[in-house]
Amino acid sequence: MKTSYSALDTFKICPQKYKFQEIDKIKVPKRVEAVFGTLIHGALKFMFERNPLYPTEDEVINFFTNSFNERSEKLAWHSPAEKEKGEKAYYEEGVKLLKNFYKKNQPWNFNALELESRFSIELPDEENNATHTLSGIIDRIDKDGETYEIIDYKTGKKMPAESSLEGNLLLSVYRLALA
C-alpha cells in the first residue's frame, strides 16, 4: 500500500472522507485555501532557486501574480460577487505574505539544499508480510554547519502551539524521511 501524510491526516480527521478521496478516488474541486497554499509554496520555491542569482522581491511577486492569474480562472466560486471579492482578498494576502517573508528571509542568507524534496519510505509490515510505502514532499531543507533544518511552509493565520508539536505525525514522518 502506498500512502502519504496528508492521506493519513485525512483518515485521522474523517475516515469517510479518506474513503471517498483515497479509495473511491472521487474528485472534488480544490478549495480556494488549498490553491492559495499551493501558489504561495510555488512562489517560495521560486524565491529560493538561484538561477544564477536569487530573484528579487519584485520577481517573486510577479511570479506569484502570474501563477495566481492562471489558477484563479479555474476556481469555482458561488457567485461573481464572491469571485471578485475573494480573488482580490486572496491576491492581496498573498502579496503581503510574500513581501513580509522576503524581508525577513532573504534567500541568500540560507543554505537551501533541497526545494520540494520528494521522499519515499518503505515500512515493513511483518504481521501481514507486506511492505507499505509512505511518501511526501518536504518544502525546503537547509543546512547550517552540521545541522539540517526542515522548513514546512504554512499559510494559516495561526502558528500551532509548541505543545501541539509533541508527537506530531508530520514531524515524525519528516524525521523518518531524513534518516
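As shown above, the structure is provided for reference.
About the criteria used
Residues numbered from 1 in each chain as written. Predicted model: local features only at pLDDT ≥ 70, side-chain atom pairs only at ≥ 80, totals over all residues. Heavy atoms only, no water. Helix = DSSP H or I, 4+ residues; strand = E, 2+ residues; numbered from the N terminus. Buried < 20%, exposed > 50% of the residue type's maximum accessible area, 1.4 Å probe, protein only. Contact = heavy atoms within 4.5 Å. Areas by Shrake-Rupley, 256 points an atom, 1.4 Å probe, with all protein chains shown as cover. Lys, Arg positive; Asp, Glu negative; His and termini not counted. Charge placed at Lys NZ, Arg CZ, Asp CG, Glu CD. Axes fitted to C-alpha atoms, helices over the stretch in contact; angles between N-to-C directions. Parallel < 35°, antiparallel > 145°, perpendicular 65-115°, else oblique. Left-handed = near helix turned anticlockwise from the far one by under 90°. Nonpolar A, V, L, I, M, F, W, Y, C, P; charged D, E, K, R; others polar. Pairing = 2+ DSSP bridges.

Student: Any details on the overall build of the protein? Residues and values, ideally.
Tutor: Counting secondary structure elements, the protein contains six helices and four strands. Along its sequence from the N terminus, the protein presents helices and strands in the succession β-α-α-α-α-α-β-β-β-α. Along the longest, intermediate and shortest principal axes, the C-alpha atoms of the protein span 55 × 50 × 35 Å. A buried classification covers 29% of the 179 residues belonging to the protein. The contacts of the protein with a sequence gap of at least 6 include a subset with a gap of at least 24, amounting to 59%. When the accessible surface of the protein is summed, it comes to about 12,700 Å², and 53% of that surface belongs to carbon and sulfur atoms. Across the protein, 26 positive and 29 negative side-chain charges occur, with their mean positions spaced 4 Å apart.

Student: Lay out the packing of helix α4 (residues 57-72) against helix α5 (residues 80-104) with the relevant residues and their values.
Tutor: Look at α4 against α5: their axes get within 10 Å of each other, and the N-to-C directions meet at 155 degrees. Put simply, α4 runs roughly antiparallel to α5. For α4 against α5, the interelement crossing comes out right-handed. Contacts between α4 and α5 involve E57, V60, I61, F64, T65, F68 and S72 from the former and K83, E87, Y90, Y91, G94, V95, L98, K99, Y102 and K103 from the latter. Split by residue class, the contact of α4 with α5 holds nine nonpolar, three polar and five charged.

Student: Can you lay out the pairing of strand β2 (residues 112-125) for me, pointing to particular residues and giving the numbers?
Tutor: Both β2 and strand β3 (residues 130-144) contribute to a ladder of 12 bridges, which runs antiparallel. In the strand pairing of β3, S120 is matched with S135. Counted along the chain from β2 to the antiparallel partner β3, the turn is four residues long, and its residue N129 has a positive phi close to 50 degrees.

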